[in-house]
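Listed below are the residues making up each chain.
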Amino acid sequence: MREIEAAWQADELGPVEVVFLRPMPRMEAVVVLDNLALGPAIGGVRLTPTVTAAEVARLARAMTIKNAAAGLPHGGGKAGIMLAPSLAQAPREREMRAFARAIEHLTGYIPGPDMGTDESCMAVVHDEIGRAVGLPAVLGGIPLDELGATGYGLACCASALAEAKVLELEGARVVVQGFGAVGMHAALELRRRGAVVVAVSDSRGAVRRDDGLDVAELAAFKRARGLVAEFPGGDAAARDEIVTLPCEVLVPAAQPDVLTGDNAGRVRAEVILQGANIPATAEAEEIFHRLGILSVPDVIANAGGVICAAVEYAGGGRERAFAAIEEKIGANTAELADRIARTGDLPRRAATEMALSRIRAAQAYRRRF
Ligand SMILES: NC(=O)c1ccc[n+]([C@@H]2O[C@H](COP(=O)([O-])OP(=O)(O)OC[C@H]3O[C@@H](n4cnc5c(N)ncnc54)[C@H](O)[C@@H]3O)[C@@H](O)[C@H]2O)c1
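Everything quoted here is computed from the prediction, not taken from an experiment.

About the cut-offs
- Residues numbered from 1 in each chain as written.
- Predicted model: local features only at pLDDT ≥ 70, side-chain atom pairs only at ≥ 80, totals over all residues.
- Heavy atoms only, no water.
- UniProt positions renumbered as here; feature names shortened; annotations may be inferred.
- Helix = DSSP H or I, 4+ residues; strand = E, 2+ residues; numbered from the N terminus.
- Buried < 20%, exposed > 50% of the residue type's maximum accessible area, 1.4 Å probe, protein only.
- Contact = heavy atoms within 4.5 Å.
- Polar contact = N/O pair within 3.5 Å; in protein donor to acceptor, adjacent residues only side chain to side chain.
- Phe/Tyr/Trp six-rings, centres within 6.5 Å; stacked < 30°, edge-to-face > 60°.
- Lys NZ or Arg CZ within 6 Å of the ring centre and 35° of its normal.
- Salt bridge = Lys/Arg side-chain N within 4 Å of Asp/Glu carboxyl O.

## Here's the deal with the UniProt feature "binding site: NAD(+)" (unreviewed entry) in the protein chain
Here is step 1: Under the UniProt annotation, "binding site: NAD(+)" (unreviewed entry) lies at Thr 150.
Here is step 2: Assignment of secondary structure puts Thr 150 in helix α5 (residues 149–163).
Here is step 3: Thr 150 sits in the buried class, given a relative accessible area of 10%.
Here is step 4: Apart from residues no more than four positions distant in its own chain, Thr 150 is found in contact with Leu 144, Val 182, Asn 302, Gly 304 and Gly 305.

## With respect to the side chain of Arg 131
Here is step 1: Along the polypeptide, Arg 131 turns up in the loop between α3 (119–129) and α4 (144–147).
Here is step 2: Within the local environment of Arg 131, its side chain forms a polar contact with the backbone oxygen of Tyr 109, the two atoms lying 2.9 Å apart.
Here is step 3: When residues no more than four places from it in sequence are discounted, the contact partners of Arg 131 are Ile 103, Glu 104, Leu 106, Thr 107, Tyr 109, Ile 110, Pro 111, Val 125, His 126 and Tyr 313.

## So, the packing of aromatic side chains
Here is step 1: With the rule as written, the count across this model stands at two aromatic pairs.
Here is step 2: On the basis of an interplanar angle of 55 degrees and a centroid distance of 4.7 Å, the ring pair of Tyr 152 and Phe 322 is categorised as tilted. Residue Tyr 152 is found in helix α5, and its partner Phe 322 is found in helix α11 (residues 318–343); the two are separated by 170 residues along the sequence.
Here is step 3: In this structure Phe 322 comes out as buried when scored by relative accessible area, which is 13%.
Here is step 4: Here the aromatic rings of Phe 221 and Phe 231 are separated by 5.6 Å at their centres, their planes lie at 65 degrees, and the arrangement is edge-to-face. A residue pair is termed long-range when its members are at least 10 positions apart, and Phe 221 in helix α7 (residues 215–225) and Phe 231 in the loop between α7 and β9 (235–237) qualify at 10 residues.
Here is step 5: Owing to a relative accessible area of 4%, Phe 231 belongs among the buried residues under this scheme.
Here is step 6: Across the ring face of Tyr 152, the terminal group of Arg 193 is positioned such that the distance to the ring centre comes to 5.3 Å.

## A short note on the environment of Pro 136
Here is step 1: Structurally, Pro 136 can be placed in the loop between α3 and α4.
Here is step 2: A relative accessible area of 14% means that Pro 136 is categorised as buried.
Here is step 3: Spatially, the C-alpha atoms of Pro 136 and Asp 118 are 9.2 Å apart, while their sequence positions differ by 18 residues.
Here is step 4: Non-local contacts of Pro 136, meaning those with residues more than four positions away in its chain, are made with Glu 119, Ala 123 and Gly 141.

## Notes on the pattern of salt bridges
Here is step 1: This structure, assessed with the given rule, holds 26 salt bridges.
Here is step 2: Close ionic contact of Arg 61 with Asp 34 constitutes a salt bridge, the shortest N to O distance being 2.7 Å. Of the two residues, Arg 61 sits in helix α1 (residues 53–69) while Asp 34 sits in strand β2 (residues 27–35), which places them 27 residues apart along the sequence.
Here is step 3: Taking the relative accessible area as the measure of exposure, Asp 34 reaches 2% and is therefore buried.

Rendered as structure tokens:
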């Protein structure tokens, strides 16, 4: 990491440890253990030719808040591996083994997959040091995208809002931006819970039908043809306009920063369930709050993936993971709705406060002498 002198802000949360490593020639790595008050940190290993310590530190902090907001007994951390571009291509077994051995002593860090690493990388790390999540199924991994863990969690969030009388789920019109692992399973599960999916997009276009798309057929079509726009059971629509269609539930599940100061004022949803990470800018979140649209932050709504990882680490399987998602996202959504009703806070501020209060409570049990 060339910018060793760089650029992260330490505060009362952390980072508690930043470790620079050189596991083998032409390979540099950094591990940031941001906060361990709630337990060992779970966070991904990002492998790119350009990853920086500052980026890893920022992502480690995001994991501290995400794991705490999800109600997990885990702190936040992240690792970055900077490989020369010629080495950044798979297969990378030698490099991952070298990285694993270099972090063996960092027992407060449990690596998972992130950009540039996958389940076979995690299998190799696990083989070396017995510690990793996001493993292949044969090693006890839970294939969360195949099972739709994060989409299922979004539907649990909607059900909790219905229970809190914030939303009527039966017949609610749903718009889903991004019909991938998260968006497709969210649509299927929301439909199962009585909602009506009226529009869906992917990177190549959108499809809508005001009296409801047949989501199971649409999912089969997308799997076979790779796009939603030509689905015969609906009408093609402008990709970027569907987020402004009238609906009760909007699920942005494509990319960061799609809801901005430019389009937020035209959103006509009652509730936004943030499926992607940071799909709305801070300005957009302020606008939603002013308009009375409840935008449930990613750290609460899309926590299905991290909950799965924690269950996997604890030795649980698919059933335990789905039960934990239902229980945790349900409880966290109810607590969030209650906090917002009491304080009038922005949802993101309320979610961060939930996370911080759990971290502070755990911190009180740590040895200080
Ligand atoms: N997979 C998880 O468990 C998980 C958990 C938390 C957060 N996320 C985040 O959620 C987002 C989606 O993840 P995923 O795993 O479903 O990815 P994915 O690649 O399976 O699906 C993304 C979908 O979004 C579509 N898309 C891309 N750009 C678009 C655009 N401009 N307009 C409309 N659609 C567009 C793609 O065509 C694709 O269908 C990502 O930002 C990811 O970081 C994923």
